[in-house]
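Examining the three-dimensional arrangement
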Amino acid sequence: MNRRNAVLAVVLIPALAFAMGQHDTHIQAHSEVSDVQWNGLMAGMNNMHLAMASIVPSGHVDVDFVRLMLPHHQAALDMAKIQLLYGSDPQMRRLAQEIITDQESEIELMQVWLKQHEDHRMPVARPVK
């Protein structure tokens, strides 16, 4: 019985250690992919916040609304693209594609509108100190 247990230990312990190492590698790889996905989503949000915070009020609510909405829509586009790259749920992928289509169209409309109302525009960004 002792010899059998020793043989099993010699065979099973390295196999178990190998399996655990493979599991840890899988967890690490999954974590790295998750980090890339999360960082991609957060980059869109961070860029939006920076862009919105840099806008100087023009005193015209229509102009200010559009100038604030542009980075908001761009963040939605950026996040939807991350969803298409990494997401697997068909419903969420379809939603992401719809967001891209809709937001691109709305961004274009807002950019055209801003050009038509340039007389109300002030500098987009606050001066850097």
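Attention here is on the structure that accompanies the text. Quick caveat: nothing in here was measured; it's all calculated off a predicted structure.

1. Structural notes on the overall build of the protein
What the protein contains, in helices and strands, is three helices and zero strands. Sequence-ordered secondary structure for the protein, helices as α and strands as β, is α-α-α. For the protein, buried positions account for 19% of its 129 residues. Across the protein, every contact between residues at least 6 apart in sequence was considered, and the portion connecting residues at least 24 apart equals 65%. Accessible surface, the protein as shown: approximately 9,600 Å² in total, 63% of it carbon and sulfur.

2. Quick look at the nonpolar core
If you look at the biggest cluster of nonpolar residues, it comprises 10 residues: Val 63, Val 66, Leu 70, Leu 77, Ala 80, Ala 96, Ile 100, Ile 107, Met 110 and Leu 114. Going through the elements one at a time, helix H2 (61-86) and helix H3 (90-116) are the ones with two or more residues in this core. Here Val 66 is in contact with Met 110, Trp 113 and Leu 114, once residues within four sequence places are set aside.

3. Details of H2
For H2, built from 26 residues, the straight-helix expectation of 38 Å at 1.5 Å per residue is met to within 8% by its first-to-last C-alpha distance of 38 Å. All of the buried residues along H2 are Val 63, Asp 64, Val 66, Arg 67, Leu 70, Pro 71, His 73, Ala 75, Leu 77, Ala 80 and Ile 82.

4. So, the pattern of salt bridges
Side-chain pairs of opposite charge can arise whenever the charged atoms involved come near each other. Throughout the structure, instances matching the rule amount to one salt bridge. Of the charged contacts, one joins Arg 67 and Asp 64 as a salt bridge, the two residues approaching to 3.6 Å between their closest N and O atoms. Linking Arg 67 with Asp 64, this pair stays in helix H2, spanning three residues, or about one helical turn. Classification of Arg 67 as buried rests on a relative accessible area of 3%.

5. A short note on H3
Turn by turn, an α-helix covers 3.6 residues, leaving residues three or four places apart pointing in a common direction. An ideal rise of 1.5 Å per residue puts 39 Å on 27 residues; H3 measures up with 39 Å between its terminal C-alpha atoms. Elements that come into contact with the buried residues of H3 comprise H2. The N-terminus of H3 is capped by Asp 89, whose side-chain oxygen sits 3.0 Å from the backbone nitrogen of Gln 91.

6. Topic: a nonpolar patch on the surface
On the surface, a cluster of nonpolar side chains totalling about 300 Å² of accessible area is made up of Val 36, Leu 85 and Tyr 86. Tracing the backbone shows Tyr 86 in helix H2. The exposure class of Tyr 86 is partly exposed, given its relative accessible area of 37%.

7. Things to note about the packing of H2 against H3
The packing of two helices is summarised by the inter-axis angle and the distance between the axes. Following both chains from N to C, one finds H2 and H3 inclined at 150°, their axes separated by 8 Å at the closest point. Our classification of the angle between H2 and H3 gives roughly antiparallel. In the crossing of H2 with H3, the sense of the turn from one axis to the other is left-handed. Class assignment for the residues of the contact of H2 with H3 results in 16 nonpolar, six polar and six charged.

Conventions used here
Residues numbered from 1 in each chain as written. Predicted model: local features only at pLDDT ≥ 70, side-chain atom pairs only at ≥ 80, totals over all residues. Heavy atoms only, no water. Helix = DSSP H or I, 4+ residues; strand = E, 2+ residues; numbered from the N terminus. Buried < 20%, exposed > 50% of the residue type's maximum accessible area, 1.4 Å probe, protein only. Contact = heavy atoms within 4.5 Å. Areas by Shrake-Rupley, 256 points an atom, 1.4 Å probe, with all protein chains shown as cover. Core = buried A, V, L, I, M, F, W, Y, C linked by side-chain atoms within 4.5 Å. Expected span 1.5 Å × (residues − 1). Salt bridge = Lys/Arg side-chain N within 4 Å of Asp/Glu carboxyl O. Polar contact = N/O pair within 3.5 Å; in protein donor to acceptor, adjacent residues only side chain to side chain. Patch = residues over 30% accessible without salt bridge, like charges linked within 9 Å, V, L, I, M, F, W, Y side chains within 5 Å. Axes fitted to C-alpha atoms, helices over the stretch in contact; angles between N-to-C directions. Parallel < 35°, antiparallel > 145°, perpendicular 65-115°, else oblique. Left-handed = near helix turned anticlockwise from the far one by under 90°. Nonpolar A, V, L, I, M, F, W, Y, C, P; charged D, E, K, R; others polar.

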